[in-house]
Amino acid sequence: MKLTKVNYLKARDFILANARMIERRLFQFYFENDNAEGVYHAVYAYRNQDGGFGHGMEPDTASPESQPLFSIMALETLDDVGYLTKEIIRDDFMPYFESITTEKGGIPWMLKPKSNYPCEAHFKTVKERSALSTTAPLLGVLEKYKMDLPWMIKAEQFVWGEFDRIKDKHVFCYLCVPRWLMFLKHTKNQKTAIKTINNLKHAIGNQGIICDDKSDEGWGLYGKPHRLNYAINYNSVFSSLFSSEEIESDLTALISKQKDDGRWDTWYGISEGTKLEWAGIQTLWALKVLKNYGKIEN
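Residues numbered from 1 in each chain as written. Predicted model: local features only at pLDDT ≥ 70, side-chain atom pairs only at ≥ 80, totals over all residues. Heavy atoms only, no water.

Break down the packing of aromatic side chains for me, citing the residues and quoting the values.
Under the counting rule described, the total for this entry stands at 21 aromatic pairs. Ring geometry for Phe70 against Phe123: centres 6.4 Å apart, planes inclined by 55°, an arrangement best described as tilted. Note that Phe70 is positioned in helix α4 (residues 68-80) and Phe123 in the loop between α5 (86-99) and α6 (132-144), a separation of 53 residues in sequence. Assigned by exposure class, Phe70 and Phe123 land together as buried. Three or more aromatic residues link up through ring pairs in this structure, and these residues are Tyr40, Tyr44, Phe53, Tyr83, Phe93, Tyr96 and Phe97. (Phe/Tyr/Trp six-rings, centres within 6.5 Å; stacked < 30°, edge-to-face > 60°. Helix = DSSP H or I, 4+ residues; strand = E, 2+ residues; numbered from the N terminus. Buried < 20%, exposed > 50% of the residue type's maximum accessible area, 1.4 Å probe, protein only.)

For the nonpolar core, give the residues involved together with the corresponding values.
Ranked by internal contacts, the top residues of the largest apolar core, which has 95 residues, are Phe93, Phe97 and Leu287. Per element, the largest residue contribution to this core is eight residues, and it comes from helix α7 (residues 151-166). Residue contacts for Phe93: discarding those within four places in its chain leaves Tyr44, Phe53, Ser71, Ala74, Leu75, Leu78, Leu84 and Ile88. (Core = buried A, V, L, I, M, F, W, Y, C linked by side-chain atoms within 4.5 Å. Contact = heavy atoms within 4.5 Å.)

Go over the pattern of salt bridges with me, naming the residues and quoting the values.
A side chain with one charge may pair with a side chain of the opposite charge, provided their charged atoms come close. Scanning the entire structure with this criterion turns up 18 salt bridges. Notably, a salt bridge pairs Asp212 with Arg227, separated by 2.9 Å at the nearest N-O pair. Here Arg227 lies in helix α10 (residues 227-230) and Asp212 lies in the loop between α9 (190-206) and α10, a separation of 15 residues in the sequence. Owing to a relative accessible area of 7%, Arg227 belongs among the buried residues under this scheme. (Salt bridge = Lys/Arg side-chain N within 4 Å of Asp/Glu carboxyl O.)

Structure, rendered in structure tokens:
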């Protein structure tokens, strides 16, 4: 089963009419042969004078304040479209990350808001401690681009210690796992990395992480991941965990979840506007996965 040309165009139109500029530029990059410079400018619209990124880069908050997670998202996006360079990392990102590094050597997931803007409740109760989900991908990017900074020494000690501490406790979060992999793929300590990846594979494959109830409204969303959340293409680290029949079944279900107006929906959003923004993010993600598997009609 493939996404029909008609339904692909519905998804395109939904993104172009409803999504944020960043998702529109990403769509044009991935599907319409646009260059990465447009993505760069869309990403930098979220940047603050302190070098961090804010302004609701994740739509669960409307705060303009810089946040570590949003800055990681910006870094990941530029890397994904091939726009990132050593100079950009060193000059535009590292001063902010170094300024928020904790005594343990890592960077927090989020910082407590200093102002009163609309946001989900979990933004107001964050603990400003070093987090694996932000420190690991930053280290991974630094290793990927063959950078050698003093900051990396203590940060790496923190990351390995955190892997040992949490083990597989947060593997259900399919947003965190790829960020861990960025580090595990590029660290020089491949012996330990391979062992850690195998532990993650065991947890994903044997602990009931995958949601098989395709009728569940939350299927494929936070807390109820499907196989495609971990195996976004044939070459994924975790693809070997699933049979071709299982992947095909989830792809068919994903296609069937598209709404009449072209979107793939979520339940997220602090307003009607941010619900559309989340739907834009989810729709772009679904199209990218379907494209990876050759499931969009020409």
